[in-house]
Every structure is written in C-alpha cells, then in structure tokens.
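# Geometric and topological summary
Residue-level listing of the chains:
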Amino acid sequence: MFQGAITALITPFSNNRLDEDALRRIVRWQIDSGINGLVPVGTTGESPTLSEAEHKRVVEITVEENNKSVSIIAGAGSNNPIEAVEYSNFAAQAGADAALHVAGYYNRPNQRGLYAHYEYVHNNTDLPIVIYNIPPRAVVGVDVSTMAELAKLERVVGVKDATGDLTRPIRERALIQKPFSFLSGDDVTAVAYNVGGGNGCISVTSNIAPKQVVELHRLCRAGDFVAAAALQDKLFALHSSLFIEPNPAGPKYAMSLLGLCSEEARLPMMPLQDSTKETIRNAMKALELI
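- The protein carries the name 4-hydroxy-tetrahydrodipicolinate synthase in an unreviewed UniProt entry, which gives Marinomonas ostreistagni as its organism.
- Word for word, the UniProt comment on the protein under Subcellular location (unreviewed entry) is "Cytoplasm".
- Under the UniProt heading Pathway (unreviewed entry), the entry covering the protein gives this text: "Amino-acid biosynthesis; L-lysine biosynthesis via DAP pathway; (S)-tetrahydrodipicolinate from L-aspartate: step 3/4."

Given below as structure tokens:
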C-alpha cells in the first residue's frame, strides 16, 4: 500500500524549458527529507501544458534520480483512455511503481462511462492504478459505489481523494474488501481524512516543507491525532498561502525562496502578486523554513 506523505512534484522551468538539473535537485532533496513517495506530472506538475516529450522526460528523470528510494506514482491520466494507456505504459517502462489516473474532464461521462474508462486502462496496462477523484477540476466525480466496483479490478489499488467529502474514506472502506490506499488530495483536511481511515496524502505543501508533512503523517499512522492536529495548525498558514492564487504558482515561488528552482510557471498560470508573495514568505518564516 502507498501511505504517508507523498509529494505532488512541481515541474521546474527555465526560460520556458524543462529545467532538468533543478528537477534532479528537487527529487534528491525530497528523498533526503524523508518523503514517503513522489508523484511526477500531476496537476501540480503542470501536466496540461507539458508536451508529450516533456511529460515522459519528467517521469524518466524522477525515476532515475529516485533510484528505487521511495515509491513513484507517475501521473498518467487523460480524458482520452488511449492516451492514458500510452502514458501508463511509458511509466511502467521507465520504472514507476504505479500510475495516477484522472478521467472525465471536458467530455463529462456518466458513472458507467467513468467505470469503462478505468476498466479500459486497467485491461491495457500493467501498473497498479491510483484513481484521482477530483470533481472540482474534472467536473464529474467517481461515486462511492463506482469506486467500490473499480476496486474489484485487480490493479486498482487506491484513490487520491480531492472531493472535499470527509465521509468518503469511511463509506468507501465499508465497501472495499481488499488492501486499498486511501490518500487525501488536500493538505488542509488531511488529518481529518486520516481520522476517517485514510493512509496519507498526495501533498502540495511537502514541496516546501517535506520534513514537517512527513512528521504529520507519521503521527497519523501512529494514531496520535492530537499531536497531528497541533502540527496541522502550525502548517495551516502555509497550506492556505500556497493556494491564494492558482497552483502551482505559489509552491514554485516558495521553492524559489529555498533555492530549489525558479518561480517560473507556464501560461495560463500567472506570476504571483506581491501581496501573495509576502503572505507566503511570512508563512515560511513562521515555520523557520527561510
């Protein structure tokens, strides 16, 4: 099972090109900080504006630099199941441990269509599949009953839950009768999600504060939710500041303050306003990150 603090990696750019050196530096820093897993080319990795070659290169570099240190769940999702299969098969060839698959955005299938999409991907790929359930971005969401049916497929092994519904892990665990990774997709509610039976979080904040996010999820796994909630309170200002403007402009700016990469993001992501930068800096200073 995948568990703990898993970073949704940003994709660093320099002059609108993939900054391979910065990506390697980030991956090494994450591993040295004790992170439990990495997700390259998810939404935080600006997958919608990466070329196919860039997408594949990010996966290659992440797997190579990781060198089997932690689990790699490669972003491979698409609203086109054929493309999703291609990206998933490439991730397998590169050496990833699983693939993260979002579905349904723009073409808006019903629940039968969502099931058929994931079933097609499952039957034409070899990697374990983590379903990314994010109705705010995809418009459609995977219902609890559909998730339970999908979990019956051999290699559907988990969910990244960004529904905002904290009853989901409770209701889904009641129906899913096999080992299954319940991962929050939201740092702010991750502790509450874990109280409901979650196993961790695919985190944005861990791009900037990996040690603190790792500790938070260690406390959750140990059942010390009082201490986890106290640490969550300390991290709340940072969580919030990173999303004042659309992700990943905030995390990239924060990482530039750490000397990890430039703050450059691709259109339609815009440079941050000065007021947002100040809020992020203040949150990082309060945590003694800078």
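## A closer look at the UniProt feature "site: Part of a proton relay during catalysis" (unreviewed entry) in the protein
- Summarizing the sequence annotation, UniProt attributes the feature "site: Part of a proton relay during catalysis" (unreviewed entry) to Thr-43 and Tyr-106 in the numbering used throughout.
- Tracing the chain through its elements places Thr-43 in the loop between β4 (37-39) and α2 (52-66).
- Looking at Thr-43, the relative accessible area reads 24%, which means it is partly exposed.
- In contact with Thr-43, not counting residues within four places along its chain, are Tyr-132 and Arg-137.
- Tracing the chain through its elements places Tyr-106 in the loop between β6 (98-101) and α4 (111-123).
- Once residues lying within four places of it in the same chain are set aside, the contact partners of Tyr-106 are Asn-79 and Ala-138.

## Let's talk about the pairing of strand β5 (residues 71-75)
- For β5, the buried fraction is high: four of the five residues fall into the buried class.
- Inspection of the sheet shows β4 paired to β5 by two bridges, in the parallel sense. Across the sheet, residue Leu-38 finds its bridge partner in β5, namely Ile-72.
- Between the parallel elements β4 and β5, the chain passes through α2 in a crossover that is right-handed.
- Across three bridges, β5 lies against β6 in parallel orientation. Of the residues in β6, the one forming a bridge with Ala-74 is Ala-99.
- In this region the chain leaves β5, passes through helix α3 (residues 81-94) and returns to the parallel neighbour β6; the handedness of that crossover is right-handed.

Scoring rules and cut-offs
- Residues numbered from 1 in each chain as written.
- Predicted model: local features only at pLDDT ≥ 70, side-chain atom pairs only at ≥ 80, totals over all residues.
- Heavy atoms only, no water.
- UniProt positions renumbered as here; feature names shortened; annotations may be inferred.
- Helix = DSSP H or I, 4+ residues; strand = E, 2+ residues; numbered from the N terminus.
- Buried < 20%, exposed > 50% of the residue type's maximum accessible area, 1.4 Å probe, protein only.
- Contact = heavy atoms within 4.5 Å.
- Pairing = 2+ DSSP bridges.
- Right-handed = clockwise from strand over helix to strand, strands pointing away.

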